[in-house]
Amino acid sequence: MEILVFLSILTAALAVLSSWYRIRRAKEQIAEIADALADVKNGNGGRRILSAANELAAPIAYEINEIVVSYERRLSAVRQTEEANRQLMTSLSHDVRTPLTTLIGYLDAAHKGLAAGRDRDEYIETARRKAHDLKEYIDVLFDWFRLNSNEFAMEIRPAEAAELTRNILIDWIPVFEDKEIGYDIDIPERPVRVRLDADGYMRIINNLIQNAVAHSGGDEIKIALSEQGAAMKLLVADNGVGIGKEDLKHIFERLYKCDKGRSQKGSGLGLSIVHQLVEKMGGSITVESTPGKGTEFTLVFPLDE
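Now for a description of the structure that goes with this document. (Residues numbered from 1 in each chain as written. Predicted model: local features only at pLDDT ≥ 70, side-chain atom pairs only at ≥ 80, totals over all residues. Heavy atoms only, no water.)

**Side note on the overall build of the protein**
Logical step 1: From N to C terminus, the protein includes eight helices and seven strands.
Logical step 2: A buried classification covers 36% of the 305 residues belonging to the protein.
Logical step 3: Across the protein, the fraction of contacts at a sequence separation of at least 24, relative to all contacts at a separation of at least 6, is 66%.
Logical step 4: Roughly 18,900 Å² of accessible area belongs to the protein as shown, and the carbon and sulfur atoms make up 55% of that amount. (Helix = DSSP H or I, 4+ residues; strand = E, 2+ residues; numbered from the N terminus. Buried < 20%, exposed > 50% of the residue type's maximum accessible area, 1.4 Å probe, protein only. Contact = heavy atoms within 4.5 Å. Areas by Shrake-Rupley, 256 points an atom, 1.4 Å probe, with all protein chains shown as cover.)

**Focus: the sheet that holds strand β5 (residues 231-238)**
Logical step 1: With mixed pairing, the five strands of this open sheet are ordered in space as β2-β4-β5-β7-β6. Only two strands of the sheet have a single neighbouring strand rather than two, namely β2 (182-186) and β6 (284-290). If you compare each strand with its neighbour and ignore which way they point, the axes differ by 10 degrees on average.
Logical step 2: Along the sheet, helix α8 (residues 270-280) makes contact with β6 and β7 (294-302), crossing β6 at roughly 140 degrees. (Pairing = 2+ DSSP bridges. Axes fitted to C-alpha atoms, helices over the stretch in contact; angles between N-to-C directions.)

**Here we look at the nonpolar core**
Logical step 1: Grouped together as the largest cluster of nonpolar side chains are 50 residues, with contacts concentrated most on Tyr201, Ile204, Leu208, Ile209, Met232 and Phe301.
Logical step 2: With seven residues, helix α6 (residues 198-215) is the single largest residue contributor to this core.
Logical step 3: Discounting residues that sit within four places of it in the chain, methionine 232 has contacts with Ala161, Val192, Val194, Tyr201, Leu225, Ser226, Leu299, Val300, Phe301 and Leu303.
Logical step 4: Ranked by size, the runner-up nonpolar core spans seven residues in total, among them Ala36, Val40, Ala61 and Val68. (Core = buried A, V, L, I, M, F, W, Y, C linked by side-chain atoms within 4.5 Å.)

**Some thoughts on the packing of aromatic side chains**
Logical step 1: What the rule picks out here adds up to five aromatic pairs.
Logical step 2: Ring geometry for tyrosine 106 and tyrosine 123: centres 5.0 Å apart, planes at 90 degrees, overall edge-to-face. Of this pair, tyrosine 106 sits in helix α2 (residues 58-111) while tyrosine 123 sits in helix α3 (residues 118-147), and the two are 17 residues apart along the sequence.
Logical step 3: Look at phenylalanine 252 and phenylalanine 297: their rings are 6.2 Å apart centre to centre, the planes differ by 65 degrees, and that puts the pair in the edge-to-face class. Of this pair, phenylalanine 252 sits in the loop between α7 (245-249) and α8 while phenylalanine 297 sits in strand β7, and the two are 45 residues apart along the sequence. Both residues of the pair, phenylalanine 252 and phenylalanine 297, belong to the buried class.
Logical step 4: Here the aromatic residues Trp172, Phe176 and Tyr183 are joined through ring pairs into a cluster of three or more. (Phe/Tyr/Trp six-rings, centres within 6.5 Å; stacked < 30°, edge-to-face > 60°.)

So, in structure tokens, the structure goes:
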């Protein structure tokens, strides 16, 4: 009987001791949590709370760690957006101001009679080209801002991609011929049905072709549409100077411009817009390039079943 009483007292004492230890540890963890939160508040997003799985405050500690990680990711995204906007404003001030200043200069010279005859005609023609360049830049800029706004929405619906692609390319034929660019267009006569946003699809093709015409330095372009299994494949290729491996890694990043071989003219937003539009429509885009031989962009969209 005495042994049972002793064991009961011992068990109770151990339970009290265990509870006291757990409470003490919980208080220590609460203090650590408060200290960690103060540290995070002061900008240390790398701070974490350590806790064993069997400890009383473990669920709270793990939840706070997840919140801090999520907060740091969002903060990093905000910083990247701020940096991108800063770069965009810098690019905007240069890419808009320069052609605008040139445009005004040529028009002022023609207006004031500083150039006459053929020179005046050349001034006006140069001003016209600069105005078109400026409009093209502003159109791309508008597309990028619209695409990255919360109000942007697509109307993705079944579409006949073969006919839609032909209608888009019709407007490019005079451009190819004017710039003496050979073209090979291969689109099947049979219908190819996919789910697309028609306006977005048109912007994708236009941006890819404009990229090839303006920056590749090539004199041939190939556009081929085909079906592969349960998907539609669209190839846009040129025989230009190509893109180096290092540039190729960043080709779809916003504001990225290749520094070698290809023209520096452009906003650095066109291919980023293409990439975002393709992903929003549930497709994929890849690029392959060989310096000195050309570049191939391949789009894949699932067929509408």
